[in-house]
Amino acid sequence: MHVTPAQQTRTYWLEHAWLGTHVEPGVAVEVADGRIAAVRTGAQTPPPGAEILRGLTLPGLSNAHSHAFHRALRSTVQVGSGTFWTWREVMYATADRLTPETYRDLARAVYAEMALAGITSVGEFHYVHHAPGGTPYADPNAMGEALVEAAADAGIRITLLDTVYLSSGFGQPPDNHQLRFSDGSAEAWAERCSVLKDRDHARIGAAVHSVRAVPADQLATVARWAEERRAPLHVHLSEQTAENDACREAHGCTPTRLLADHGVLGPRTTGVHNTHLTDEDIALIGGSGTGTCMCPTTERDLADGIGPAVALQRAGSPLSLGSDSHAVIDLLEEARAMELNERLRTRTRGHWTAAALLRAASADGHAALGWDGAGAIEPGALADLTTIVLDSVRTAGPLARLGAETAVFAASAADVSHTVVAGRHVVRDGAHTLVPDVPKALADAVEALRG
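What counts, and at which threshold
Residues numbered from 1 in each chain as written. Predicted model: local features only at pLDDT ≥ 70, side-chain atom pairs only at ≥ 80, totals over all residues. Heavy atoms only, no water. Helix = DSSP H or I, 4+ residues; strand = E, 2+ residues; numbered from the N terminus. Rg over C-alpha atoms; globule rule 2.2 N^0.38 Å. Buried < 20%, exposed > 50% of the residue type's maximum accessible area, 1.4 Å probe, protein only. Contact = heavy atoms within 4.5 Å. Lys, Arg positive; Asp, Glu negative; His and termini not counted. Charge placed at Lys NZ, Arg CZ, Asp CG, Glu CD. Core = buried A, V, L, I, M, F, W, Y, C linked by side-chain atoms within 4.5 Å. Pairing = 2+ DSSP bridges. Axes fitted to C-alpha atoms, helices over the stretch in contact; angles between N-to-C directions. Phe/Tyr/Trp six-rings, centres within 6.5 Å; stacked < 30°, edge-to-face > 60°. Parallel < 35°, antiparallel > 145°, perpendicular 65-115°, else oblique. Left-handed = near helix turned anticlockwise from the far one by under 90°. Salt bridge = Lys/Arg side-chain N within 4 Å of Asp/Glu carboxyl O. Disulfide = S-S within 2.5 Å. Expected span 1.5 Å × (residues − 1). Arc of directions from axis to C-beta.

All right, on to the overall build of the chain then. A count of helical and extended segments in the chain gives 15 helices and 16 strands. Computed over the C-alpha atoms, the radius of gyration of the chain is 21 Å, within 12% of the 22 Å expected from 2.2 N^0.38 for a compact globule of 451 residues. On the principal axes, the C-alpha backbone points of the chain span a range of 65 × 50 × 45 Å. A buried classification covers 59% of the 451 residues belonging to the chain. For the chain, contacts bridging at least 24 residues in sequence account for 74% of all contacts bridging at least 6. Charge-centre separation for the chain: the mean point of 37 positive side chains lies 4 Å from the mean point of 53 negative side chains.

So, in structure tokens, the structure goes:
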């Protein structure tokens, strides 16, 4: 089922609504053609025929950084110890077993899990393009199309961030695992990627996997492709100190400086992680308006470190959030973790308000993915809504006016009761309306990838 705008007008009654600055009780939201047509406050009782959303309704959440197939690694990679680099070997083994069919089935289940967590848009950082060994499929975009189809089946929006991945390291060819990631050159990537088209529920963007995976002389080709299409451009940036050290050895500068010198930074670009940065790096990112996508649950799971999110935002970098490797899928936890990580690092509290954290989890995430007009409950916005119950064991007790604080600092994905995308119920009363048994779909899809 594709996410197409609802043609008929319908009304949702929100028991409590987060309107960006405060919680408003009794709000009627009229929806037409997949967008919010009107917002009426002071509606103490539901209008006749309205669909009732009890609890606190937020703008739909945005997962700005996802690798769908990493969901198959959950728990498996928690056995033993190691580093990011040992984790990566397990990840490669799973990537080797993907086919367009198994990728679609897994992604459909993962995106359904996201919908259950209140996520209405996902940025899929997609680099598994070809068959093992690097041979293109009959449809060179079969893997990307599988992801786009999976999002439609799960009822959420997707920005397919088609990723350039050409090298195993500075000046090194791809290794055996990485051959299926590579198009051979940025020009060949652009030719393949240009066949992909936007749809009602899908946007096509670009990604530079990392400075170690894309030779410096090919970065401008990717930046130009995105610029000509006014498309989002994402890049893994300084996630590991080893990447910084290798970049300095190869180019005499940091990865951020290398990206700046080749025209990659800018307002439509988002750096993912941005963990190990110099003061100059922070100034370059913020001064160019480049965004920052923090993925705290993955960054702590992989022992990456805590990025300078406060300094980046102060420098001018908009913040978004992602679940990345899907150690968990919970955007409320990502928002909470960004603040709590900073508290641990600085031993002070209150770096962001709950309102600011909700904006990172919604409006700024959608913007980073090219979904303008999303992330607000206001006329003209996309009719994407997420409702959190206020009477679970986690959320019961606080005053309703503290709903934003309750959502960020107490609630979890398990407290999401409704998810509405383009004015249509995708999750109703905690059940997915399009994927009948999400846990079974996940279990079956992961089992299909076991070696």
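Next up on the list: the nonpolar core. Formed by 120 residues in total, the largest nonpolar core has its most connected members in Phe-69, Tyr-111, Trp-225 and Met-338. The leading source of residues in this core is helix α2 (residues 100-116), at nine residues. In contact with Met-338, other than residues within four places in its own chain, are Met-294, Pro-296, Ala-309, Leu-319, Leu-321, Trp-352, Leu-357 and Ala-360. Core analysis: the next-biggest nonpolar cluster, separate from the first, contains 13 residues, Ala-17, Val-27, Ile-377 and Ala-383 among them.

Moving on, we get to the sheet that holds strand β11 (residues 291-294). If you walk across this open sheet you meet the eight strands as β5-β6-β7-β8-β9-β10-β11-β12, and the pairing is parallel. Here the strands that pair on one side only, and so sit at the sheet edges, are β5 (61-66) and β12 (319-321). Between one strand axis and the next, the sheet turns by 25 degrees as a mean value, whatever way the strands run. Direction of pairing for β11 relative to β12: parallel, over a ladder of three bridges. Following the sheet pairing, Cys-293 is matched in β12 by Ser-320. Sitting on the sheet, helix α4 (residues 186-193) is in contact with β7 (157-164) and β8 (202-208), with an inclination near 155 degrees to β7.

A few words on the packing of aromatic side chains. Counting across every chain of the model gives seven aromatic pairs. Ring centres of Phe-69 and Tyr-127 lie 6.1 Å apart, and the angle between their planes is 80 degrees; this geometry places the pair in the edge-to-face category. In this pair, Phe-69 is assigned in the loop between β5 and α1 (84-96) and Tyr-127 in the loop between β6 (119-126) and α3 (142-154), connecting sequence segments 58 residues apart. Comparing Phe-69 with Tyr-127, the two get one shared label, buried.

Moving on, we get to the packing of α4 against helix α5 (residues 216-229). Contact pair α4 / α5: the axes reach a minimum separation of 9 Å and the direction vectors enclose 20 degrees. Here α4 is positioned roughly parallel relative to α5, judged by the angle of their axes. Note on packing geometry: the crossing formed by α4 with α5 is right-handed. Across from Ala-186, Glu-187, Trp-189, Ala-190 and Cys-193 in α4, the residues of α5 making contact are Gln-218, Thr-221, Val-222 and Trp-225.

Moving on to the pattern of salt bridges. Here the structure, examined in full by the defined rule, presents 24 salt bridges. Among the ionic pairs, Arg-359 bridges to Asp-364, the shortest N-O distance being 3.2 Å. The class of Arg-359 is partly exposed, set by a relative accessible area of 47%. Assessed through its relative accessible area of 18%, Asp-364 is described here as buried. Among the ionic contacts, a cluster of salt bridges with common partners joins Arg-10, Glu-51 and Arg-428.

Before going further, it helps to examine the state of the cysteines. In total, this model carries zero disulfides according to the counting rule given. The cysteine Cys-193 is free of any disulfide, with Cys-293 supplying the nearest cysteine sulfur at 19 Å. Its relative accessible area of 0% is what places Cys-193 among the buried residues. Looking at the unpaired Cys-247, the closest cysteine sulfur is the one in Cys-253, lying at 4.8 Å. By relative accessible area, Cys-247 is classed as buried at 0%.

Let's shift gears to α2. The terminal C-alpha atoms of α2, which comprises 17 residues, lie 24 Å apart, in line with the 24 Å expected from a rise of 1.5 Å per residue. Counting buried positions over the 17 residues of α2 gives 12, a clear majority of the element. Looking at α2, one finds that the buried residues are Pro-100, Thr-102, Tyr-103, Leu-106, Ala-107, Ala-109, Val-110, Tyr-111, Ala-112, Glu-113, Met-114 and Ala-115.

Pairing analysis gives five bridges linking strand β2 (residues 23-32) to strand β3 (residues 35-40), with the strands arranged antiparallel. Each bridged residue has a counterpart across the sheet, and for Val-29 the counterpart in β3 is Val-39. Hairpin connection of β2 to β3: two residues between the antiparallel strands, including Asp-33 at a positive phi of 55 degrees.

As for its placement among the helices and strands, Gly-266 is situated in the loop between α7 (255-261) and β10 (269-273). Using a relative accessible area of 9% as the deciding quantity, one classes Gly-266 as buried. Separated by 18 residues in sequence, Gly-266 and Leu-284 place their C-alpha atoms 9.5 Å apart. In this structure Gly-266 touches Ser-288, Gly-289 and Thr-290, once residues within four positions along its chain are discounted.

Moving on: the sheet that holds β2. Strand order across the open sheet formed by eight strands is β3-β2-β1-β4-β13-β14-β15-β16, with mixed pairing between neighbours. At either margin of the open sheet sits one strand with a lone partner, and together these are β3 and β16 (431-432). Alignment of strand β4 (residues 51-59) against strand β13 (residues 385-388), held across four bridges, turns out to be antiparallel. Considered in β13, the bridge of Leu-56 is made with Ile-388.

Listed in full, the buried residues belonging to helix α6 (residues 241-251) are Glu-243, Asn-244 and Cys-247. Around the axis of α6, the buried residues are gathered within 100 degrees of arc, so they sit on the same side. Buried residues along α6 sit in contact with β9 (233-237) and α7. Of the residues one or two after α6, Gly-252 is the one with positive phi, at around 75 degrees.

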